Amino acid sequence: MRGIAPLVVVLAAGWFVPATHAGGIPVKTLKELKAAAVYIKVEFIPANGKGKPIPATGSGFLIKVVDGVGYIATNSHVVSPLAGEILSSNPKILFHSGTPNELMVEGQIVARDPVRDLAVLKVVGVKDLPRPIAMDPDTEVGETMPVFAIGFPFGGDLALGKQNPAVTITKGTISSLRQDQHGQISLVQIDAEINSGNSGGPVVDEKGGLVGVSVSKIIKSRTVGFAIPIKPVHEMMQGKVNAVVFDTLWVVKDRAEVSVDAALLDPLAKVKDVIVYYRPAGDPKDLPKADQDGKFAPLKDATEVWLKTLRGRAQGRFTLNGTGAEKLSLAYQTSYVTAAGTKVYSPVNVAAIDYTKILYNDNLQRTDAVDAKSLPSRSFFHSMKAGKYYVVEMRADPKDLDPRVILRDPSGKALAEDDGAGGVFDAMVVFTPPTDGEYEIVATVLKGTGPFTLRIREDKGEPLGAKGFTATRTLQKSDPADPIRLVPAQPINVLLKKGKSYEIDCKSKDFDPHLRLENMAVYNIKSEDIGGNGHSTLFFTPFQDGIYKIVTTAFDANFGAFELSVKEVAAPKEYEVG
């Protein structure tokens, strides 16, 4: 719980409210529900290591017990750091919080889905675990149905003295069932009061069965709250493929070796038989659509690749024939078998396979030809065209060598160089040839010898112009996942100049945007400086000319239109601290 002012609770003398039931829940069931609800404590620290620890709290509940191991459901945002923060340690789980039987144990995050704002934590070694809250995926819910929100609103502000807070149960009804574009229930709107600290707690019916997971509320209203419905919670516990990332490893004469890396949401470690199906994208109208139950048919005329699963990931590779184009669009789909033994086909998405990438794995030795500084070097020649941007990158293990790249024109004149300055253990050049021709790429070192990798690829970036750059785009649930945040993302490349200062801003009325910036070496340089309330801004001063990728994602679980703008601003003032 963050940003909640202390709450003063006054108990009138002589008042007594018996806690034997909650408007229809049997006493025995009520005790079991309270025992299953847990208080979660998390601590974050600034990513730069400076500043005080940042405490946060939330709610959760025991959803499953397998061989003495307990699984706790909560919201992803309860256990996820904000931009500029990192998790300092595993979350602390309190059973029977605020009672004489209180028990604190450490929980391990075993699954996290930022898109649906769900997470699962595992606890081990707890004797006599409470009875989990029952979850039936076939439970029917409807407007005016009585429900009860269970959790720890306002966190420690409702605690007595130095104790931890006791559980709170609030009665309400279902006000509305919010549906997505496929007609599936996306959010359950309830009029029970949900406050900060309730996040991740269960919403149950009069029989104690799960209806949803508390997630948010309308700030301007006390009684408009929302819960994640049962279906995504059930799917997460059964296991699923969360995000798929393709990468071109090498290209030889229009044949690309492509790697596939799928992140799994698999808290029980039971997902198996993960397969990726792919074929040229073609007309989007021919791609399978969800049926009335939200299920997808298999992708027709597709090639299948079986993936190997290990520690929450599924990985594989395949060889793909190109068509002479710089990038080839693939329609792809995954299938997998859940913990219940059910085979599931995912929605069909589209990925772009890069055919401009060339990769060399080589080794610099002391006996190699030397450059003017008597350092070992290797030369590679690459045909380049005027007006295009080429990214040349040399990587190595810093214990072996410090890379240095020099780019020369056909006459031998050095046109560009990057020795990896700025604390990054690689060398990279982003280059635009003045004329068509065969250019020499010299891979050398500042010191050391040993193995290295040289990558060459084409890329594009949007020029800023005199008034900067502005684009209106739409973030969709079907967009390829950001490999860092594992949520749908919209990347835009821009051309930035060394020493200039830029303001990058994103605004949306449909979702709360989050920005991050990476260079062409796919290093995450910076994340959101200022954010919240449909707005995200970061400030950046490049230490070299080049193409930079701005990645827009949703900090919440929503999607929709957004406007991204990049403009040059005055350099920030520097002050001497005495």
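Refer to the structure presented above.
A short tour of the structure in this document, coming up. All of these numbers come straight from a predicted model, not from anything done at the bench. (Residues numbered from 1 in each chain as written. Predicted model: local features only at pLDDT ≥ 70, side-chain atom pairs only at ≥ 80, totals over all residues. Heavy atoms only, no water.)

Glancing now at the side chain of Thr-537. For Thr-537, the position within the fold is in strand β38 (residues 535-540). There is a polar contact of 2.5 Å between the side chain of Thr-537 and the side chain of Asp-505. Within the local environment of Thr-537, its side chain forms a polar contact with the side chain of His-535, the two groups lying 2.9 Å apart. Ignoring any residue separated from it by four or fewer positions in sequence, one finds Thr-537 in contact with Glu-503, Ile-504, Asp-505, Leu-515, Glu-528, Asp-529 and Ile-530. (Helix = DSSP H or I, 4+ residues; strand = E, 2+ residues; numbered from the N terminus. Polar contact = N/O pair within 3.5 Å; in protein donor to acceptor, adjacent residues only side chain to side chain. Contact = heavy atoms within 4.5 Å.)

What follows concerns the sheet that holds strand β28 (residues 414-418). Within a sheet, adjacent strands bond to each other through the backbone by hydrogen bonds, running parallel or antiparallel. Reading across the sheet, the four strands line up as β25-β30-β27-β28 and stay open at both edges, with antiparallel pairing between neighbours. A strand with exactly one partner marks an edge of an open sheet, and here the two such strands are β25 (377-384) and β28. Strand after strand, the sheet turns through a mean of 25 degrees between neighbouring axes, direction not considered. Taken together, the eight bridges between β25 and strand β30 (residues 437-448) define a ladder with antiparallel strand orientation. Opposite Ser-377, over in β30, you have Thr-444 as the bridge partner. (Pairing = 2+ DSSP bridges. Axes fitted to C-alpha atoms, helices over the stretch in contact; angles between N-to-C directions.)

This structure, assessed with the given rule, holds 15 salt bridges. Where Asp-459 meets Arg-457, a salt bridge forms, and the shortest distance between an N and an O atom there is 3.7 Å. Each member of the pair, Asp-459 as well as Arg-457, is classed as buried. A salt bridge links Arg-516 to Glu-518; the nearest nitrogen and oxygen atoms lie 2.9 Å apart. Residues Arg-516 and Glu-518 agree in their burial class; the two are buried. In the salt-bridge network here, residues are joined through shared partners; they are Asp-482, Arg-516, Glu-518 and Lys-549. (Salt bridge = Lys/Arg side-chain N within 4 Å of Asp/Glu carboxyl O. Buried < 20%, exposed > 50% of the residue type's maximum accessible area, 1.4 Å probe, protein only.)

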